[in-house]
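Architecture and fold: a report
One letter stands for each residue in the lines below.
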Amino acid sequence: LQERQLDRAGSTVEGNWLVLADKSGSMEVAVETAVHVAAVLARLVAGRVLLVLFDTAPRAIEATAQTLEDLKRATAHVAAQGGTSIGCGVVYAQQQGFPADGITLISDGAENNTPMFVPAYRAYATALGKRVPVYWYRVRGDTAAMVDKAARAQYGRAATTSEQRQAGRQVDAECATFGQACH
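Now for a description of the structure that goes with this document. (Residues numbered from 1 in each chain as written. Predicted model: local features only at pLDDT ≥ 70, side-chain atom pairs only at ≥ 80, totals over all residues. Heavy atoms only, no water.)

1. Some thoughts on the overall build of the protein chain
Secondary structure assignment for the protein chain yields 7 helices and 5 strands. Classification of the 183 residues of the protein chain by burial places 42% in the buried group. Accessible area for the protein chain stands at about 9,500 Å²; split by element, carbon and sulfur atoms hold 51% of it. (Helix = DSSP H or I, 4+ residues; strand = E, 2+ residues; numbered from the N terminus. Buried < 20%, exposed > 50% of the residue type's maximum accessible area, 1.4 Å probe, protein only. Areas by Shrake-Rupley, 256 points an atom, 1.4 Å probe, with all protein chains shown as cover.)

2. Quick notes on the nonpolar core
In this structure, Val-19, Ala-38, Leu-41, Val-49, Leu-51, Leu-53 and Leu-71 are the most contacted members of the largest nonpolar core, which totals 23 residues. Elements represented by at least two residues in this core include exactly β1 (17-22), α2 (28-44), β2 (49-54) and α3 (68-74). It is α2 that contributes the most residues to this core, 8 residues altogether. With residues up to four places along the chain from it excluded, the contact list for Leu-71 reads Val-35, Ala-38, Ala-39, Ile-61, Ala-63 and Gln-66. (Core = buried A, V, L, I, M, F, W, Y, C linked by side-chain atoms within 4.5 Å. Contact = heavy atoms within 4.5 Å.)

3. Describing the pairing of strand β3 (residues 58-62)
Of the strand pairs in this sheet, β2 and β3 are connected by 5 bridges, and their pairing is antiparallel. Residue pairing in the sheet places Leu-53 in a bridge with Arg-59 of β3. Between β2 and β3, which pair antiparallel and follow one another directly, the connecting turn spans 3 residues. (Pairing = 2+ DSSP bridges.)

4. Thoughts on the side chain of Lys-23
Looking at where Lys-23 falls in the secondary structure, it is placed in the loop between β1 and α2. The buried category is assigned to Lys-23, whose relative accessible area is 12%. Once residues within four sequence positions are removed from consideration, Lys-23 is found in contact with Val-31, Leu-53, Phe-54, Asp-55, Val-78, Ala-79, Ala-80 and Gln-81.

5. Some remarks on unusual backbone geometry
Cis geometry marks the peptide bond from Thr-114 to Pro-115; its omega dihedral reads 0°. In this fold, Pro-115 is placed in the loop between β4 (102-107) and α5 (117-128). Backbone geometry places Ala-65, a non-glycine residue, at a positive phi of 65°. Mapped onto the elements of the fold, Ala-65 is located in the loop between β3 and α3. With relative accessibility at 65%, the residue Ala-65 sits in the exposed group.

6. Re the pairing of β1
Successive residues of a regular strand alternate their side chains across the two faces of the sheet. Counting buried residues in β1 gives 6 out of 6 residues, a clear majority hidden from the surface. Here β1 shows two buried faces, one formed by Trp-17, Val-19 and Ala-21 and the other by Leu-18, Leu-20 and Asp-22. Handedness of the crossover is the feature at issue here: the chain leaves β1, passes through α2, returns alongside β2, and the resulting connection is right-handed. Here β1 pairs with β4 via 5 bridges, running parallel. Paired with Ala-21 across the strands is Ile-106, a residue of β4. (Right-handed = clockwise from strand over helix to strand, strands pointing away.)

7. As for the side chain of Thr-84
Of note, Thr-84 is situated in the loop between α3 and α4 (86-95). In this structure Thr-84 touches Asp-22, Ser-24, Phe-54, Asp-55, Thr-56, Ala-110, Glu-111, Asn-112 and Asn-113, once residues within four positions along its chain are discounted.

8. A short note on the pattern of salt bridges
A side chain of one charge can pair with a side chain of the opposite charge when the charged atoms of the two come close. Under the defined criterion, the tally for this structure stands at 5 salt bridges. In this structure, Lys-23 engages Asp-55 in a salt bridge whose closest nitrogen and oxygen atoms are separated by 2.8 Å. Residue Lys-23 is located in the loop between β1 and α2, and its partner Asp-55 is located in the loop between β2 and β3; the two are separated by 32 residues in the primary sequence. (Salt bridge = Lys/Arg side-chain N within 4 Å of Asp/Glu carboxyl O.)

9. Some words on α4
Within the span of α4, buried status applies to Ile-86, Gly-87, Cys-88, Gly-89, Val-90 and Ala-93. Looking one or two places after α4, you find Gly-97, whose phi comes out positive at around 75°.

Honestly, that's just the spatial picture; any functional story needs more than this.
Structure, rendered in structure tokens:
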């Protein structure tokens, strides 16, 4: 139904679009959201749509002309796990020579591995010779579960409530810094 409505709308979006989807630990919602965003763009964009799912390494799916069902099948076995390097998706696009005119980022913005987004974005924009607009769809991860999992791995015990709260404040601060750097 959604795809038929988009077809009837008849509007197009110019250029090529890079959809970056966080598939690090606790980011299942980001993957699902990115699939929907990529499917909508694939119906509306006059150029190409590249969906790049990332944790600390990129996994690319050419989304151009793909339907929502196609993209759901292509991502059915994607597991949200691992660390986060948003920049690795940008570096991948640059290495592949993908000339984005717009970037959609679906993530909580909490990076913990290099390459980091901001320096990777700046290098990409310089290589393209233009500033590429970034549309950030901030999704909430399960910070408490992520901290608990890390504590169990590192200390062999569950995280305390205090540790979970502190990690939540740290993630919020990192996201605020990340958001400021994107503007």
